[in-house]
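Working through the structure, step by step
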Amino acid sequence: MKKLGIVTTIISGFIGIFSMSTVAQDEPFEIDARSAHIGAIGAFAEMVRLDVKRLALGSPVSPAEMEKVLPHAQKVIEHNGVEYFLETDFLVTDLYPAAVTDGKHVLFIYKGETIQEYLALKKEQSDLIEKGTYDKTARLKIAHAFGKLLSYPKKTISNLVISNAN
């Protein structure tokens, strides 16, 4: 429950900031895509720093967009004392449809050995596919392990798998 309180506090803070910004201006609040990505990365970096999430994902963006975002994202991530990994070949599982990340780059935000766990999971999936044993049971196992790395609740993982399974 402590983690939920931190997340609620963070979300409430963002809502308050955006509300104050909108109220303080006579015109609607507008923000460019790059700034929105950096803001989300900052929020996720803080969640990882505070151990609310083990692994957080930035939005999937085109390689060209990532070039614009990455220098700023690096500063935000460093400020939070966490690490990042630029994923250009996202692990496709039943958590998300492949089309969401196809041809896109995703910034992973983490601490410690978490990225090694992700890479091991990718290798496990690749090995299963190569052996011809990536069946429904294996798919579920990989999807659930990835969801767990992302610190998703079990029910959320199950719901995502059900809605995205082919």
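Just above, that's the structure.
Residues numbered from 1 in each chain as written. Predicted model: local features only at pLDDT ≥ 70, side-chain atom pairs only at ≥ 80, totals over all residues. Heavy atoms only, no water.

1. Description of helix 2 (residues 33–49)
What counts here: To qualify as a helix, a DSSP run of H or I must reach at least 4 residues; to qualify as a strand, a run of E must reach at least 2; elements of each kind are numbered from the N terminus. Expected helix span is computed as 1.5 Å times (number of residues minus one). Note on exposure labels: buried denotes an accessible area under 20% of the residue type's maximum, exposed denotes more than 50%, and partly exposed covers the range between, all computed with a 1.4 Å probe on protein chains only.
The end-to-end C-alpha distance of helix 2, which contains 17 residues, comes to 24 Å, matching closely the 24 Å that a straight helix rising 1.5 Å per residue would cover. Taken residue by residue, helix 2 has His 37, Ile 38, Ile 41, Gly 42, Ala 43, Ala 45, Met 47 and Val 48 as its buried positions. Where helix 2 terminates, the next one or two residues include Asp 51, which has phi positive at roughly 65°.

2. Observations concerning the packing of helix 4 (residues 114–131) against helix 5 (residues 136–149)
The following threshold applies: Angular values range over 0 to 180 degrees, each being the angle between N-to-C directions of two axes fitted as lines to C-alpha atoms, with helices fitted over their stretch in contact. If an angle is under 35 degrees, it is roughly parallel; if it is over 145, roughly antiparallel; if it lies from 65 to 115, roughly perpendicular; otherwise it is oblique. By definition, residues are in contact when any of their heavy atoms lie within 4.5 Å. Each residue gets one label: Ala, Val, Leu, Ile, Met, Phe, Trp, Tyr, Cys and Pro are nonpolar, Asp, Glu, Lys and Arg are charged, and the others, such as Gly, are polar.
Put simply, helix 4 and helix 5 touch, their axes get as near as 11 Å, and they point 170° apart. If you check the angle between helix 4 and helix 5, you find them roughly antiparallel. Here Thr 114, Glu 117, Tyr 118, Leu 121, Glu 124, Gln 125 and Leu 128 of helix 4 lie close against helix 5, whose contacting residues are Ala 138, Lys 141, Ile 142, Ala 145, Phe 146 and Leu 149. Here the contact of helix 4 with helix 5 is composed, by residue class, of 8 nonpolar, 2 polar and 3 charged.

3. Remarks on the nonpolar core
Soluble globular proteins: nonpolar side chains tend toward being buried together. Basically, it comes down to this: Take the buried Ala, Val, Leu, Ile, Met, Phe, Trp, Tyr and Cys residues and link them wherever side-chain atoms come within 4.5 Å; each set so joined is a nonpolar core.
In terms of nonpolar packing, the biggest core is built from 21 residues, with Leu 55, Leu 57, Leu 95, Phe 108, Tyr 118 and Phe 146 touching the most fellow members. When contributions to this core are tallied by element, the ones reaching two or more residues are strand 1 (55–57), strand 3 (106–110), helix 4, helix 5 and helix 6 (154–164). Sorting elements by how many residues they give to this core places helix 5 first, with 5 residues. Setting aside residues no more than four positions away along its own chain, Phe 108 makes contact with Leu 55, Ala 56, Leu 57, Glu 83, Tyr 84, Phe 85, Glu 87, Phe 90, Ile 115 and Tyr 118.

4. Here we look at empty space enclosed by the protein
Vacant regions in the atomic arrangement are exposed by a probe of water-molecule size rolled over the atoms. Applied cut-off: The definitions used throughout rest on a 1 Å grid laid over the protein atoms alone, on which a cavity is an enclosed set of points accommodating a 1.4 Å probe that cannot get out and a pocket is an open set flanked by protein within 12 Å on both sides along at least five of seven lines; lining residues are those having an atom within 4 Å of a point. Grid points are joined across faces, edges and corners, and a volume is the space filled by probe spheres set on the points.
Enumeration over the complete set of coordinates arrives at 1 cavity of 30 Å³ or more. Space inside the largest cavity adds up to approximately 60 Å³. Surrounding the largest cavity, His 37, Ala 40, Ile 41, Gly 58, Ser 59, Val 61, Met 66, Val 69 and Leu 107 form its lining. Sorting the residues of the lining of the largest cavity by element identifies helix 2 and helix 3 (63–79) as the ones contributing at least two each. Here the lining of the largest cavity is built from residues that sort into 6 nonpolar, 3 polar and no charged.

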